[in-house]
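# Report on the structure
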Amino acid sequence: MIRWLQEEVTDSADIFRLMLIVLGVKLIYVFFIISAFMLFGIDIPTDESDPQLPVNAFSTWLILICLAWAEEYLFRYPLSFLEDCHNPIPIAIILSIVSCVIFGYVHGNHWNILIQGVGGVGYCILFIKCGGLDYEAAKATAITTITHFSFN
């Protein structure tokens, strides 16, 4: 796996295929984890105090893309600081797991780690495969942002 992660994907068709794989796996995973929660009667509380902002169609898209970018910048982009490490992949894997746990928890509570957190692993893999550790952090962040936005 480490060797596979070290090989940067540069061909646009391969990048698109990888994005579709991440989206597909995440969609299937979220379907099954939510089904399991329902099967076992696990209720994920929602925060009813969140204000609902009236938005039009354009601003909704803009808000979603900005939120996806902000999350990718906060939770995936820091992996790029490992660019100059001798062997960054093992460290990136550990930091990805930590990042995904935090990412999931920030989305709600400990149950959200199983939904958004585990789903964030795909974005970390995509970030690494698209050059996030090879001085291509801006490109990798753009690709993970588009993928994240597409899932949302």
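None of these values were measured; they are calculated from a predicted model. (Residues numbered from 1 in each chain as written. Predicted model: local features only at pLDDT ≥ 70, side-chain atom pairs only at ≥ 80, totals over all residues. Heavy atoms only, no water.)

What follows covers the packing of aromatic side chains. Aromatic ring pairs are reported here in terms of the distance separating the ring centres and the angle at which the planes meet. Overall, the coordinates contain 7 aromatic pairs when judged by the stated rule. Plain terms: the ring middles of W69 and Y73 are 5.1 Å apart, the flat faces sit at 20° to each other, and that makes the pair stacked. Note that W69 and Y73 are positioned in helix α3 (residues 57-75) at a spacing of 4 residues, about one turn of the helix. For W69, a relative accessible area of 45% translates into the label partly exposed. Note on Y73: relative accessible area 39%, which makes it partly exposed. Members of the aromatic cluster, connected to one another through ring pairs, are W69, Y73, Y77 and F81. The ring of F151 has K26 sitting right over it, with the charged end atom 4.2 Å from the ring centre. Sitting above the plane of the W4 ring, K129 keeps its charged end 4.3 Å from the centroid. (Phe/Tyr/Trp six-rings, centres within 6.5 Å; stacked < 30°, edge-to-face > 60°. Helix = DSSP H or I, 4+ residues; strand = E, 2+ residues; numbered from the N terminus. Buried < 20%, exposed > 50% of the residue type's maximum accessible area, 1.4 Å probe, protein only. Lys NZ or Arg CZ within 6 Å of the ring centre and 35° of its normal.)

This part covers unusual backbone geometry. A positive phi angle, close to 60°, is found at Y135, a residue other than glycine. Counting through the fold element by element, Y135 comes out in the loop between α5 (110-132) and α6 (137-151).

On to the layout of surface pockets. By volume, the second largest pocket amounts to about 190 Å³. Together, W4, L18, I21, V22, V25, K26, Y29, V118, G119, G122 and I125 line the second largest pocket. Elements with a minimum of two residues in the lining of the second largest pocket: α2 (12-39) and α5. In terms of residues, the lining of the second largest pocket owes the most to one element, α2, which gives 6 residues. Taken together, the residues of the lining of the second largest pocket sort by class into 8 nonpolar, 2 polar and 1 charged. (1 Å grid on protein atoms, 1.4 Å probe; cavity = no way out; pocket = protein on both sides within 12 Å on 5 of 7 lines; lining within 4 Å. Points joined across faces, edges and corners; volume = space filled by probe spheres on them. Nonpolar A, V, L, I, M, F, W, Y, C, P; charged D, E, K, R; others polar.)

Moving on: the pattern of salt bridges. Oppositely charged side chains can form a pair if their charged atoms are brought close together. One pass over the structure, following the stated rule, counts 3 salt bridges. One salt bridge connects R76 with E72, and the closest N-O pair in it is separated by 3.0 Å. (Salt bridge = Lys/Arg side-chain N within 4 Å of Asp/Glu carboxyl O.)

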